[in-house]
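Residue-level structure breakdown
Chain residues, written in single-letter form:
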Amino acid sequence: MRRSLLNAVNRGWHRWCCGVFMNLSLFAMALLCGPLVLEAPLASLPALAATLWIWFAHRRSPQALLAAAVLLLFGVARATRAISVGKRDRYESQFSSPQECDGKAIVLGRSRAHRDAEGTRFSGLVETSLLRCTKREGDVETYSLEPPLRMMLTAPTPLHRGDSVSIEATVALVSPWDNPGALDRGVADASRAYAVSASARRVTLLAASRSIVSLVDRARDAVREHIWASYPSDVESLVRALVIGEADLRPEDTDALKGSGLLHLLAVSGMHLVVVLGALQRALHFLLVRVEMIAARVDAHRLASAFVGAVAFAYADFAGGSGSAWRAAWMSGVVACVTVLERMPCAKRSLALSVVAMAILDPLAVFDVSLILSVLATAGLLLSTQHSKENYLYRSVRATAAATIPCAPLLAKMGGNLSIGAFMANLIAVPLGEIITLPACLLEPLCGSFPSLQASLVALGSGGLRAVMAIADTVNKIDFLQVGVPLPSALQVSVLIAGAILTLARNIPTFGREGTKGALAPIVATIGLLSVLEWKMRTSANSKGELSMLALDVGQGDATLIHFPDGQWGLIDAGGLIGPGVDVGARVIAPVLRSLRVSELALVVLSHPHPDHFGGMKTGLVGVSVGRVWDTGQGEREGIAGEYPAWLGQLRRARVPILRPNVLCGVHFLYGAEVSVLAPCPASDSTHTPNDNSFVIKVRYKERAFLLVGDAERYEEELLLRTQFATLHADVLKVGHHGSRTSSSAAFLAAVSPVVATMSSGVRNRFGHPHPKTIEALMRANVRVFRTDRSGAIRITTDGRQLRVEVAR
């Protein structure tokens, strides 16, 4: 009788927990879907439909559905406001070009250190309402900014939240890039909380803050300095990432950790906090039960839980404040509260509550990659059934799969490969990193009074990190363990989210009945729908009957994709200068090719051997089959070093034909179009610069033509006017040398007589491109001008008669 009663109570408690979990999940999905509806309305429909189905299938109350609808509208409204606040258009007129400014600011964000060959710099978010700026022309203007301007300030000294500072800095708009498959720039700006950045020459402290967050920042500074002084140079960036959450890793370390699926070990993730807070709770409980005065009056377990719940938020802030860290802190706080109230914690409800809290605090939380990865991995672990009789290996493989599989779509969105070796790598590296290395690195700064112990912990931490990197390097170098995956579209991501929701719903018991029956159905349906969408995208990528050019947004540089009428693809240049340490090939060229489902390039052209044109060739074309390459040959004759000869060597090893002007000059009928090489003919001229030896290529399809002139300047333009005058006319002109005043003479523009012109230049380039005189000359010629620094990627398509122009922004 008693057993039956207990079973009935347990079933009732379980049903109630599931009901609360489903309501919380419904509310969390509604809040998160608000910004998605704003960013991609059609693509978010599957996820919304699946959320609605949860309410219907699990018989939630009408009040729950009404609350979810209100929260959805609330999420849309808050996201709209956040994006409007972050709009770069608000500051386009003031800071479209770099300006020297001075003023006063309040520090809002924790500073992060960046070390390179030029030294150490610190970056943090600041807010100012008044700036006095000197423009390029020498005019001085004072800007009264309302609402106050938030900008990312890079300074020579650390910044502490709440401090009032005086700054002298170079201020300009940030230069992200807008290309196919990229996040909308308004959303990106709002997610970052700033659209303007500044590089400070001098920062003077006016008033130091004494707030708690300021003290946390000063503690971070002290630990950072200690790490720099204590650890060898090959591991100090790894220790900083592990202890204070500064993602300042060496590029080779980042690549190895990504390729092996171990990057989460060097991030302050939810698992990181669970390990730290769990150890702290056990240690505190161990001490409290041994203090008779405390143990006799209070429950030591509840007291330890309350303390750890409060410490969780402070530690998340100290460790960098990533989305995953705050999610884990909120989840720990919920568990602590429930424990203090003498209730049984429910991990699923705690997760749902933590997501609701994060979505309320951050209107664009759905775009925080670390948060979403953390939620997906945690949900996978919670839904994965663990049996006590399973051996360690089986449990570890199951846990790794449960945490990795839900994250696969987002990982595919972030990078080109998924690592099969991640399963085995995690089996070895996770215990090594979380159980040995992490405690050693965290305890070491606290052992200053015990030098021998401190030295031992440094050696243990360094050795553990080197071992983790050795595992990462080994797995990353095994090619067959890296599986290339296409970049999912917004609609595909939404379908994946919907499939995950439905699969989750099938695994939640409903009113005492197990919901696992038919759990395979949503998985099969999701795979089928994804396959149909993928087939449609690939068919569209190889469509025939149109000629198009896509001028990519690569900052200060050039990269243009050509889609020929017979369905094949070509690439003219793949360079760009976006920022220090930014690989334009890996960050722009490769993702765009993946998003367009381009795995083969029939033709690759390097207009001339300058880094802003070839810099992304080597890394951007990894895994892409190349049919032939056109190169002027001037780079090899002049002995240009670096990426250029490395790329040519890579091509020759792959036996890709490299053709030079002596065999290319003239008219060719290729890929369903007429392709003419107008210069440099018959060969490049070593007495002139590479710019004036740029390939000048005209692509004609029926009645329409595109003219691409590389970085041609006055000399090459005059040569073309003398030798190719009759063939220069084109409907679309890719303006030479990024709109420099040394290009686009009135005579040349008159000979080409374009209807549309494109310019590729960086938002805050130091060259002043495009030059106002060039813009004025194009306007006088009645040419419609599109610029990548203002419009993002520019796609121009023709069926041979009509022209269609589309821009990313």
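The structure contained in this document is the topic of the report that follows. Quick caveat: nothing in here was measured; it's all calculated off a predicted structure. (Residues numbered from 1 in each chain as written. Predicted model: local features only at pLDDT ≥ 70, side-chain atom pairs only at ≥ 80, totals over all residues. Heavy atoms only, no water.)

1. Observations regarding the overall build of the chain
Selection rule: Strands are runs of DSSP state E lasting at least 2 residues, helices are runs of H or I lasting at least 4, and numbering of each runs from the N terminus. Each residue's exposure class comes from its accessible area (1.4 Å probe, protein chains only) as a fraction of the maximum for that residue type: buried when under 20%, exposed when over 50%, partly exposed otherwise. By definition, residues are in contact when any of their heavy atoms lie within 4.5 Å. The Shrake-Rupley method, run with a 1.4 Å probe, gives the accessible areas here. Residue values count only the displayed protein chains as cover.
Along the chain, the regular secondary structure elements total 30 helices and 23 strands. Expressed as a percentage of the 809 residues in the chain, the buried residues total 51%. Pairs at least 24 residues apart make up 70% of the contacts formed inside the chain by residues separated by at least 6 positions. Total accessible area on the chain stands at roughly 36,900 Å², and carbon and sulfur atoms take up 62% of it.

2. Quick look at the packing of aromatic side chains
The line we're drawing: Under the pairing criterion, centres of Phe, Tyr and Trp rings, with the six-membered ring standing for Trp, must be within 6.5 Å; the plane angle then separates stacked pairs below 30 degrees from edge-to-face pairs above 60, leaving the rest tilted. We count a charge as sitting over a ring when the NZ of a lysine or the CZ of an arginine lies within 6 Å of the ring centre and within 35 degrees of the ring normal.
Inspection of every chain in the model, using the stated rule, returns 7 aromatic pairs. On the basis of an interplanar angle of 35 degrees and a centroid distance of 6.5 Å, the ring pair of F313 and W326 is categorised as tilted. Note that F313 is positioned in helix α11 (residues 300–318) and W326 in helix α12 (residues 323–340), a separation of 13 residues in sequence. Summarising the aromatic geometry, the rings of F614 and Y644 are spaced 5.7 Å apart at their centres and angled 45 degrees between planes, so their arrangement reads as tilted. On the criterion of sequence distance, the pair formed by F614 in helix α22 (residues 611–614) and Y644 in helix α25 (residues 643–653) is long-range, its members being 30 residues apart. Connected via pairs of aromatic rings, a cluster forms that spans F313, W326 and W330. The ring of F286 carries the charged tip of R290 above its face, separated from the ring centre by 3.7 Å.

3. So, the environment of A525
With respect to the secondary-structure elements, A525 resides in helix α20 (residues 520–541). Sequence spacing of A525 and V495 is 30 residues, and the spatial spacing of their C-alpha atoms is 9.8 Å.

4. Comments concerning the state of the cysteines
Let me state the cut-off plainly: The definition used for a disulfide is geometric: two cysteine sulfur atoms within 2.5 Å.
Here the structure, examined in full by the defined rule, presents 2 disulfides. A sulfur-sulfur separation of 2.0 Å characterises the disulfide bridge that pairs C101 with C133. What sets the handedness of the C101 and C133 disulfide is the S-S torsion sign, and at about 110 degrees it is right-handed. Taken together, the positions of C101 in strand β1 (residues 99–107) and C133 in strand β3 (residues 119–134) put the pair 32 residues apart, joining distant regions of the chain. The class for C101 is buried, based on a relative accessible area of 2%. On the accessibility criterion, C133 (0% relative accessible area) is buried. Assigning the bonded cysteines of the chain consecutive numbers by sequence position, one obtains the connectivity 1-2, 3-4.

5. Considerations on α25
Where α25 is concerned, the buried positions are Y644, W647, L648, G649 and L651. Contacts from the buried residues of α25 go to β12 (600–606), α22, α23 (617–620), β13 (625–631), α24 (634–637) and β14 (658–659). Just past α25, the residue R655 takes up positive phi, approximately 60 degrees.

6. Digging into helix α29 (residues 772–780)
Applied cut-off: What the arc covers is the set of directions going from the helix axis to the C-beta atoms.
Listed in full, the buried residues belonging to α29 are T774, I775, A777 and L778. Summarising the axial view, the buried residues of α29 lie within an arc of 160 degrees, below the 170-degree limit, and thus occupy one face. Every exposed residue of α29 that faces more than 90 degrees away from the buried side is listed here: P772, K773 and R780. Tucked into the core, α29 has its buried residues touching α28 (746–752), β20 (756–759) and β21 (784–787). Phi for N782, located one or two positions after α29, is positive at around 60 degrees.

7. Topic: the nonpolar core
When a protein is soluble and globular, its nonpolar side chains tend to lie buried together. For clarity, the threshold we go by: Definition used in this section: a nonpolar core is a set of buried Ala, Val, Leu, Ile, Met, Phe, Trp, Tyr and Cys residues joined via side-chain atoms within 4.5 Å.
The biggest cluster of nonpolar side chains holds 43 residues, and the ones touching the most others in it are V243, L262, L266, L273 and L465. Elements that contribute at least two residues to this core include exactly α6 (212–230), α7 (236–244), α8 (251–260), α9 (270–288), α11, α12, α17 (422–443) and α18 (451–476). No other element matches the 7 residues that α18 contributes to this core. Grouped together as the second largest cluster of nonpolar side chains are 32 residues, W569, V604, F614 and I658 included.

8. Describing the pairing of strand β18 (residues 704–708)
For clarity, the threshold we go by: By definition, two strands form a pair when at least two bridges between them are found by DSSP.
Taken across its 5 residues, β18 has 4 buried, putting it largely inside the fold. Two strands pair when backbone bridges link them, and strand β17 (residues 696–701) and β18 are joined in this way by 5 bridges, in the antiparallel orientation. Within the sheet, the bridge partner assigned to K698 lies in β18 and is L707. From the end of β17 to the start of β18, which pair antiparallel, there are 2 residues, and K702 there has a positive phi angle of about 55 degrees. In terms of strand pairing, β18 meets strand β19 (residues 732–734) through 3 bridges, oriented parallel. When the bridges of β19 are listed, F706 appears paired with V732.

9. Some remarks on the packing of helix α13 (residues 347–361) against helix α14 (residues 369–383)
To be explicit about the condition: Every axis corresponds to a line fitted to the C-alpha atoms, with the helix fit spanning only the stretch in contact, and the corresponding angles, defined between N-to-C directions, vary from 0 to 180 degrees. Should an angle lie under 35 degrees it is considered roughly parallel, over 145 roughly antiparallel, and from 65 to 115 roughly perpendicular; all remaining angles are considered oblique. The sense of a crossing depends on the near helix, which, turned anticlockwise from the far helix by less than a right angle, makes the crossing left-handed and, turned clockwise, makes it right-handed. Gly counts as polar in this scheme, as do all residues outside two lists: the nonpolar Ala, Val, Leu, Ile, Met, Phe, Trp, Tyr, Cys and Pro, and the charged Asp, Glu, Lys and Arg.
Packing of α13 against α14 brings their axes to within 10 Å, and their N-to-C directions diverge by 165 degrees. One finds that α13 runs roughly antiparallel with respect to α14. Once α13 is placed against α14, the crossing between them reads as left-handed. Touching A347, K348, L351, V355 and M358 of α13 are L371, V375, T378, A379, L382 and L383, all from α14. Split into classes, the residues belonging to the contact of α13 with α14 amount to 9 nonpolar, 1 polar and 1 charged.

10. Some remarks on the sheet that holds strand β15 (residues 666–670)
Spatially, β15-β16-β17-β18-β19-β20-β21 is the arrangement adopted by the 7 strands of the open sheet, whose pairing is mixed. Across the chains shown, the open sheet's two edge strands, defined by having one partner strand only, are β15 and β21. The average undirected angle you get between the axes of adjacent strands in this sheet is 20 degrees. Where β19 lies against β20, 3 bridges are found, and the strand directions are parallel. Considered in β20, the bridge of L733 is made with A757. Most of the contacts of α29 go to β20, to which it runs at about 165 degrees, and overall it touches β20 and β21.

11. Considerations on the sheet that holds β12
Ordered by their spatial adjacency, 8 strands build an open sheet running β14-β13-β12-β11-β10-β9-β22-β23, and the pairing between neighbours is mixed. Taken across any chain shown, the strands that pair with only one partner, and hence form the sheet edges, are β14 and β23 (803–807). Bridging between strand β9 (residues 547–551) and strand β10 (residues 559–563) involves 4 bridges; their strand directions are antiparallel. Counted as the bridge partner of A551 is T560 from β10.

12. Focus on the side chain of E716
Filter applied, for reference: Residues scored as charged are limited to Lys and Arg (positive) and Asp and Glu (negative), so that His and the chain ends carry no count. We define a salt bridge as a contact between a side-chain nitrogen of Lys or Arg and a carboxyl oxygen of Asp or Glu at a distance within 4 Å. Polar contact is defined as a pair of N or O atoms within 3.5 Å, subject to the rule that within protein one atom must be able to donate a hydrogen and the other to accept it, and that residues adjacent in sequence are counted only when both atoms are side-chain atoms.
Assignment of secondary structure puts E716 in helix α27 (residues 714–723). One buried charge, E716, has no salt-bridge partner; the nearest side chain with opposite charge is K734, at 10 Å. Within polar-contact distance, the side chain of E716 engages the backbone nitrogen of S694 at 3.3 Å. Beyond its immediate chain neighbours, meaning those up to four positions away, E716 contacts A679, P680, N691, D692, N693, S694 and V696.

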